[in-house]
Amino acid sequence: MPLHHQPAVIPAHPATIRFLHWVWVYAIGCMVFSGWEIYNASPSLPFSFPRWTGLGGWLGGALAWHFSAMWLLAADGVAYLAYGFVSGHFRRDVGIPAPRAVVRDFWAALTFRLGHRIGHYNAVQRLLYLGVIVALTLQVITGLAIWKPVQLGALVAIFGGYPIARNIHLATMFLIVTFVIVHVVLVAIFPRTLVSMIVGVPAESKSRA
């Protein structure tokens, strides 16, 4: 009798990645908005953030939100790195792209010829994801330096002093926010990616007996 082949459903994003992604969204949101409230209490540059964008209501409340979210972000980051290495996610999906591939995909994106397949990361996406991982790592390190500048004096010195470490922390925050904005715009262009990150839309099907 002939065998009937049924497609094996392969989710675009594993459940672990989806869970860690939404934890990351929550933690980053809390840290950014509470960070703006903290910054407004003692601006280091000639500007401040709109008061309605702050989280915490006052400096003490903002610090409580910021530190709570910091530990959540750190735990989420460690879990993501562990999963990425153990499962092969980094090697398979987020490997370092070749410069030629980045240029090729970037030009294709500029000319609106870059194809999009849910669950697949093109060279530009891989470069951006690697960049935001580095930015988040730097954000955590500079955050620790300005949180405990006396106890971690050696770490502060590496960044050239407390004011410079604080401004690096602020600049890195802007890079992360820029990444989030670009990410949200791309999701708006390809709304199926949002569905796939919530329920795991199949990336592809594989025939099996």
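For the structure itself, consult the block above.
Quick caveat: nothing in here was measured; it's all calculated off a predicted structure.

**What about the overall build of the protein?**
Move 1: In terms of regular secondary structure, the protein is built from eight helices and two strands.
Move 2: Across the 209 residues of the protein, 33% fall into the buried class.
Move 3: At a minimum sequence separation of 6, the contacts of the protein that also span at least 24 residues come to 68%.
Move 4: Looking at the protein as shown, the accessible area adds up to about 13100 Å², and 73% of this sits on carbon and sulfur atoms.

**Re a nonpolar patch on the surface**
Move 1: Together, Trp22, Val25, Leu194, Val195, Ile198 and Val199 make up a nonpolar patch on the protein surface, roughly 500 Å² of accessible area in all.
Move 2: When contributions to the nonpolar patch are tallied by element, the ones reaching two or more residues are helix 1 (15-41) and helix 8 (192-199).
Move 3: Here the element with the most residues in the nonpolar patch is helix 8; it accounts for four residues.
Move 4: Following the sequence through the fold, Val25 ends up in helix 1.

**Overview of the nonpolar core**
As a rule of thumb, nonpolar side chains are buried together in soluble globular proteins.
Move 1: One finds Trp24, Ile28, Phe49, Leu73, Leu136 and Met173 to be the most contacted residues of the largest nonpolar core, which totals 19 residues.
Move 2: Where this core is concerned, the elements lending two or more residues are helix 1, helix 2 (59-87), helix 5 (123-147) and helix 7 (162-189).
Move 3: For this core, the element with the most residues is helix 1, which contributes eight residues.
Move 4: The two domains that each donate at least three residues to this core are domain 1 (11-87) and domain 2 (94-200).
Move 5: The residues touching Ile28, leaving out its near neighbours within four places in the chain, are Leu73, Leu136 and Ile176.
Move 6: Ala145, Ile146, Phe159 and Ala165 belong to the second largest nonpolar core, which has five residues in total.

How each quantity is defined
Residues numbered from 1 in each chain as written. Predicted model: local features only at pLDDT ≥ 70, side-chain atom pairs only at ≥ 80, totals over all residues. Heavy atoms only, no water. Helix = DSSP H or I, 4+ residues; strand = E, 2+ residues; numbered from the N terminus. Buried < 20%, exposed > 50% of the residue type's maximum accessible area, 1.4 Å probe, protein only. Contact = heavy atoms within 4.5 Å. Areas by Shrake-Rupley, 256 points an atom, 1.4 Å probe, with all protein chains shown as cover. Patch = residues over 30% accessible without salt bridge, like charges linked within 9 Å, V, L, I, M, F, W, Y side chains within 5 Å. Salt bridge = Lys/Arg side-chain N within 4 Å of Asp/Glu carboxyl O. Core = buried A, V, L, I, M, F, W, Y, C linked by side-chain atoms within 4.5 Å. Domains from an automatic or database assignment.

None of the figures reported here should be taken as evidence of function without further support.
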